[in-house]
Every structure is written in C-alpha cells, then in structure tokens.
Amino acid sequence: MDKESQISAQNDTIGFPISFQELREVHILYTCAIREICAKLENLSQEFELYNDRNPIQHIKHRLKTPESIRNKMMRKQIPLEFGMMQREILDIAGVRVICSYVEDIYKISRLLIRQDDISLIKKKDYIVSPKPNGYRSYHITVGIPVYLSKETKVVPVEIQMRTLAMDFWASLEHQLRYKPEMEISDSVRQRLTSLAGDMFKADVEIQQIYQEIVYAASSSSAHSRAVIPLDNTPA
C-alpha cells in the first residue's frame with residue numbers, strides 16, 4: 001500500500017473528511033510554522049545569553065496534532081468536520097513548548113517574541129498568575145506566523161506553552177499519574193498533587209529571588225558591570 005492509500009485508509013478509520021492533498025498541506029504549513037517559531041526563540045535565547053551570561057531557555061519541544069486528535073477535538077467542541085472550519089477554529093494544531101530557567105524569563109522571552117513585526121498575538125492565557133484548579137501552571141500564547149510559499153503567504157497559528165523546569169516536571173508527572181488507565185486516583189491524592197504544585201511554585205519564586213540577589217551582589221561589587229537587555233517582567 002502506497003503512502004496516499006495508507007493516509008486515505010486512516011481517514012476512513014477516523015472519519016475525518018479531508019483529502020490526501022489537504023493532509024499534505026496541513027503538514028507542510030504547520031511544520032513550517034513550527035520551524036519558524038523555534039528559530040525565532042533560539043535566536044532570542046542566544047542574544048540573551050550573549051549579554052547576560054546565561055541561557056533563559058533550557059530546551060524547546062514541539063509537536064503536530066494528528067488527524068485523529070484534530071477530529072476528536074472538533075467533535076468535542078461540536079465544530080463541523082470541514083477543512084476550512086479546522087483551519088479557523090483549531091488553533092493548536094502546531095504546538096511548541098518552551099522550558100525556561102526562571103519565571104521572569106517566560107515573560108521576557110514572550111514579550112520579545114510578540115514585539116517582532118511579523119508575529120501577531122491571537123490569544124493568551126496566563127496560568128502562572130491564575131493556575132488551573134488542579135494546580136497546573138504555564139503561560140500559553142497563540143501567535144500567527146507568516147509562512148512564505150512560492151505563490152502566496154499564509155498566516156498560521158502556533159500555540160506556545162512556556163514553563164519553568166519545575167512546572168514542566170510537575171505537569172509531566174501529574175499527567176502520567178492522573179491518566180493511568182489501570183489505577184483510580186483518589187481525591188486525597190489529587191489534593192496532594194495540587195498542594196505539591198503550589199510548593200513547587202514557591203520553590204520557583206525562591207530560586208529566582210536567590211538568582212536576583214546573586215546578580216545584584218555581583219553587579220554592585222563590580223565597577224564595570226556588563227550591559228544587560230533592558231526588559232520589564234510584566235506579562236506580554
């Protein structure tokens with residue numbers, strides 16, 4: 001069975017009414033958008049490291065939703081299973097996760113990214129300031145990035161989730177524990193996980209304060225401190 005037949009068979013199985021050509025278009029468009037966003041983030045991180053002697057981004061991950069995942073989300077949200085509706089309504093087909101050193105780095109990098117001329121902010125959700133009931137913390141922004149093709153330019157949405165190492169550690173393990181099919185999670189365990197999320201955020205705040213105190217002490221004792229990028233820490 002050739003590649004086109006395999007994808008067509010997959011579509012028949014999951015019931016998503018898009019053609020092989022549309023599937024290829026989705027893959028190319030959103031893969032290019034992810035590549036563009038990752039390059040921008042890496043450039044910002046390298047510039048920050050040049051002037052501040054540290055890297056604000058620990059690592060970057062990315063993923064592309066599968067046709068089945070897209071279909072399930074559209075059905076869950078009662079969105080008609082149409083290609084055009086998918087492009088308009090499903091804004092997290094392309095996803096990038098950015099793991100930062102400190103909470104302040106999240107806001108600095110997101111602000112720098114959004115300020116770029118070819119980036120448009122579609123929406124944002126600050127789960128750091130307002131965590132989810134289960135304790136989940138992260139900073140989510142959805143941006144539009146132009147993808148330049150041979151005959152046209154298309155603006156493609158990309159969801160970016162930004163977390164500290166501690167937030168990512170908690171979110172990853174909490175997801176594994178909560179959705180293990182072979183075990184039932186009790187309310188007391190859920191409460192412990194939520195409480196642990198709060199404790200880890202306190203550790204995030206404390207480690208950032210320690211870093212700031214060290215930087216301040218070093219700059220105060222040096223007659224010629226190095227220049228730093230002048231940024232505020234307010235959310236984008």
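Residues numbered from 1 in each chain as written. Predicted model: local features only at pLDDT ≥ 70, side-chain atom pairs only at ≥ 80, totals over all residues. Heavy atoms only, no water.

Enquirer: Would you mind showing me how to read helix H5 (residues 103-114) here?
Expert: The periodicity of an α-helix, 3.6 residues per turn, causes residues three or four places apart in sequence to face the same way. The terminal C-alpha atoms of H5 lie 17 Å apart, and with 12 residues this matches the ideal 16 Å at 1.5 Å per residue to within 8%. Within H5, the full set of buried residues consists of Val103, Glu104, Asp105, Ile106, Tyr107, Lys108, Ile109, Ser110, Arg111, Leu112, Leu113 and Ile114. (Helix = DSSP H or I, 4+ residues; strand = E, 2+ residues; numbered from the N terminus. Expected span 1.5 Å × (residues − 1). Buried < 20%, exposed > 50% of the residue type's maximum accessible area, 1.4 Å probe, protein only.)

Enquirer: Just to check I follow, could you spell out the layout of surface pockets for this structure?
Expert: Put simply, the largest pocket is a space of about 1,000 Å³. Lining the largest pocket we find 31 residues, and of these Lys132, Tyr136, His140, Glu159 and Gln161 sit closest to its centre. Those elements giving two or more residues to the lining of the largest pocket turn out to be strand E1 (57-64), strand E2 (94-100), strand E3 (120-126), strand E4 (139-148), strand E5 (153-164) and helix H6 (165-178). For the lining of the largest pocket, the leading source of residues is H6, giving six residues. Considered class by class, the residues forming the lining of the largest pocket number eight nonpolar, eight polar and 15 charged. (1 Å grid on protein atoms, 1.4 Å probe; cavity = no way out; pocket = protein on both sides within 12 Å on 5 of 7 lines; lining within 4 Å. Points joined across faces, edges and corners; volume = space filled by probe spheres on them. Nonpolar A, V, L, I, M, F, W, Y, C, P; charged D, E, K, R; others polar.)

Enquirer: Just checking my understanding: could you explain empty space enclosed by the protein for this structure?
Expert: Over the atoms rolls a probe the size of a water molecule, and its path tells where empty space is left. The full count for this structure, using the stated rule, is one cavity of 30 Å³ or more. When its volume is computed, the largest cavity comes out at roughly 70 Å³. What lines the largest cavity is simply Gly135, Arg137, Ala166, Met167, Trp170, Ala197, Met200, Phe201 and Asp204. For the lining of the largest cavity, the secondary-structure elements that each account for two or more residues are H6 and helix H7 (187-221). The element contributing the most residues to the lining of the largest cavity is H7, with four residues. Residue classes in the lining of the largest cavity are distributed as six nonpolar, one polar and two charged.

Enquirer: Would you take a moment to explain a nonpolar patch on the surface for this structure?
Expert: Together, Ile207, Ile210 and Ile214 make up an exposed nonpolar region whose accessible area comes to about 260 Å². Looking at the element boundaries, Ile214 is found in helix H7. Owing to a relative accessible area of 54%, Ile214 belongs among the exposed residues under this scheme. (Patch = residues over 30% accessible without salt bridge, like charges linked within 9 Å, V, L, I, M, F, W, Y side chains within 5 Å. Areas by Shrake-Rupley, 256 points an atom, 1.4 Å probe, with all protein chains shown as cover. Salt bridge = Lys/Arg side-chain N within 4 Å of Asp/Glu carboxyl O.)

Enquirer: Whenever I open this one, the nonpolar core confuses me. Can you help?
Expert: Across soluble globular proteins, nonpolar side chains show a tendency to be buried alongside one another. Ile37, Val96 and Ile160 are the most contacted members of the largest nonpolar core, which totals 41 residues. Elements represented by at least two residues in this core include exactly helix H2 (20-52), helix H3 (67-76), helix H4 (83-89), E2, H5, E4 and E5. The element contributing the most residues to this core is H2, with nine residues. Aside from chain neighbours lying at most four places away, what touches Ile160 is Ile37, Val96, Val98, Leu113, Tyr139, His140, Ile141 and Val143. Ranked by size, the runner-up nonpolar core spans seven residues in total, among them Tyr127, Ala166, Trp170 and Ala171. (Core = buried A, V, L, I, M, F, W, Y, C linked by side-chain atoms within 4.5 Å. Contact = heavy atoms within 4.5 Å.)

Enquirer: Help me understand the packing of aromatic side chains, please; the structure alone is not making it clear to me.
Expert: What describes a pair of aromatic rings is the distance from one ring centre to the other and the angle between the planes of the rings. Summed over all chains, the structure comprises three aromatic pairs. Taking 5.2 Å as the distance between ring centres and 70° as the angle between the ring planes, the aromatic pair formed by Tyr107 and Tyr139 counts as edge-to-face. Note that Tyr107 is positioned in helix H5 and Tyr139 in strand E4, a separation of 32 residues in sequence. You'll find Tyr107 and Tyr139 in the same group, each marked buried. Above the ring of Phe201, the side-chain terminus of Arg137 is found at 4.2 Å from the ring centroid. (Phe/Tyr/Trp six-rings, centres within 6.5 Å; stacked < 30°, edge-to-face > 60°. Lys NZ or Arg CZ within 6 Å of the ring centre and 35° of its normal.)

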